[in-house]
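Now for the letters of each chain:
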Amino acid sequence: MPLPPNAPAMLLAAGRGERMRPLTDHCPKPLLAVQGQPLLQWHLQALAQGGCPRAVINTAWLGEQIVCRFGDVFGLQRISDNDSELLDLYRLSLLYSHEGQDFGAALETAGGICRALPQLCPPGGGEVFWVLAGDVYTPGFVFDPAAVAAFEASGHLAHLWLVPNPAHNPRGDFGLDASTGLALNLSATDPRPRYTYSTIGLYHRALFAPPWCDIPAGNPLGVRAALAPLLRRAMDAGRVSAQLYTGAWTDVGTPERLAQLNA
């Protein structure tokens, strides 16, 4: 049975991984192995299983290794319900946004997304896409087509998955209004709880256009820009929704966290 339509995805894989040194001196962080396979491969498997048509991977530090590892298509064998018969392949087309080659360094999150927009949302290719960081480990997350359909119908500019605050981010990032499902840009003195942005979200391309963002699609000048300021402005306008995710999730930001996952 064919899968329902899903959105394309942007995988953020351009960072230098300074906190992971020396492991990242010769290997890009998304290729570090967790439980026997590269971090990035866990995401590609989940995207393929969800029926996502394509993924754009941005690269900078040692990006050629990522291209050599995964190529232009990620295929995943699908088995029947009784586990006895191999059926057709899930196929995920892979495209690359080479920020290091084009501009000498990574463009940060918003700058990188703007650079990749023509690949994410080509003419006739839809207005909504997933964004996720290549250096988080969340093996149970499902890239559900139903979530895409609900987001498209909502009129919001972004939908974020938040997680309980890990030890390395005890103050969290954003609030969550349980009654409305809206993400909240809380002030420093607001006593309401905050949660950590999992780096997984659904986005509408309109967030990366005026009045929210002034970088042209394709980012021809290579402007470096962070994502959080765009999200906070959109939250203040009530245009960002969110939900709490309580499944396994790790920001693999230090050698110690990587070692714990592989223990």
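As a reminder, the structure under discussion sits directly above these lines.
Remember, it's a predicted structure, so these values are computed and weren't measured experimentally. All residue numbers refer to positions counted from 1 along the written sequence of the respective chain. Reporting in this predicted model follows two pLDDT cut-offs: at least 70 for local features of residues, and 80 or more for side-chain atom pairs to be given and counted; totals over whole chains, interfaces and linings ignore these cut-offs and use all residues. The side-chain figures draw on all heavy atoms in the structure; neither hydrogens nor water molecules are used.

Where helices and strands are cited, they refer to DSSP runs of H or I of at least four residues and of E of at least two residues respectively, numbered from the N terminus. A tally of regular secondary structure across the chain gives seven helices and 14 strands. Only C-alpha atoms enter the radius of gyration; for comparison, a globular chain is expected to reach 2.2 Å times N to the power 0.38, where N is the number of residues. Over its C-alpha atoms the chain spans a radius of gyration of 18 Å, differing by no more than 12% from the 18 Å that the globule rule assigns to 263 residues. Taken along its principal axes, the extent of the C-alpha atoms in the chain is 55 × 45 × 40 Å. When each of the 263 residues of the chain is scored for burial, the buried share is 50%. When contacts within the chain are restricted to residue pairs at least 6 apart in sequence, those whose partners lie at least 24 apart make up 75%. Each residue is placed in one exposure class: buried if its accessible area under a 1.4 Å probe, protein chains only, is under 20% of its type's maximum, exposed if it is over 50%, and partly exposed if it falls in between. Residue contacts follow a heavy-atom distance rule, with two residues in contact if any of their heavy atoms lie within 4.5 Å.

The next thing to look at is the packing of helix α1 (residues 39–49) against helix α2 (residues 63–70). At a minimum axis separation of 12 Å, α1 and α2 run at an interaxial angle of 45 degrees. One finds that α1 runs oblique with respect to α2. Relative to α2, the crossing made by α1 is right-handed. Residues Leu40, Gln41 and Leu44 of α1 touch α2, and the partners they reach there are Ile66, Arg69 and Phe70. Looking at the contact of α1 with α2 residue by residue, the classes come out as four nonpolar, one polar and one charged. What counts as an axis is a line fitted to C-alpha atoms, over the stretch in contact for a helix, and the angles between N-to-C directions run from 0 to 180 degrees. Angular relationships are summarised with four words: roughly parallel below 35 degrees, roughly antiparallel beyond 145, roughly perpendicular across 65 to 115, and oblique for the angles in between. In this scheme the crossing of two helices becomes right-handed for a clockwise turn of the near helix relative to the far one and left-handed for an anticlockwise turn of less than a right angle. Gly is put with the polar residues, along with every residue not named as nonpolar or charged; the nonpolar set is Ala, Val, Leu, Ile, Met, Phe, Trp, Tyr, Cys and Pro, and the charged set is Asp, Glu, Lys and Arg.

For the rest of this paragraph, the subject is unusual backbone geometry. The peptide bond linking Pro210 to Pro211 adopts the cis configuration, its omega dihedral lying at 5 degrees. Positionally, Pro211 belongs in the loop between β12 (196–204) and α6 (228–236). Even without glycine at this site, Leu62 takes up a positive phi of about 55 degrees. Position of Leu62 among the secondary structure elements: in the loop between β4 (54–59) and α2. Taking the relative accessible area as the measure of exposure, Leu62 reaches 17% and is therefore buried. Phi at Glu108 takes a positive value of approximately 65 degrees, unusual for a residue other than glycine. Relative to the assigned elements, Glu108 resides in helix α4 (residues 108–120).

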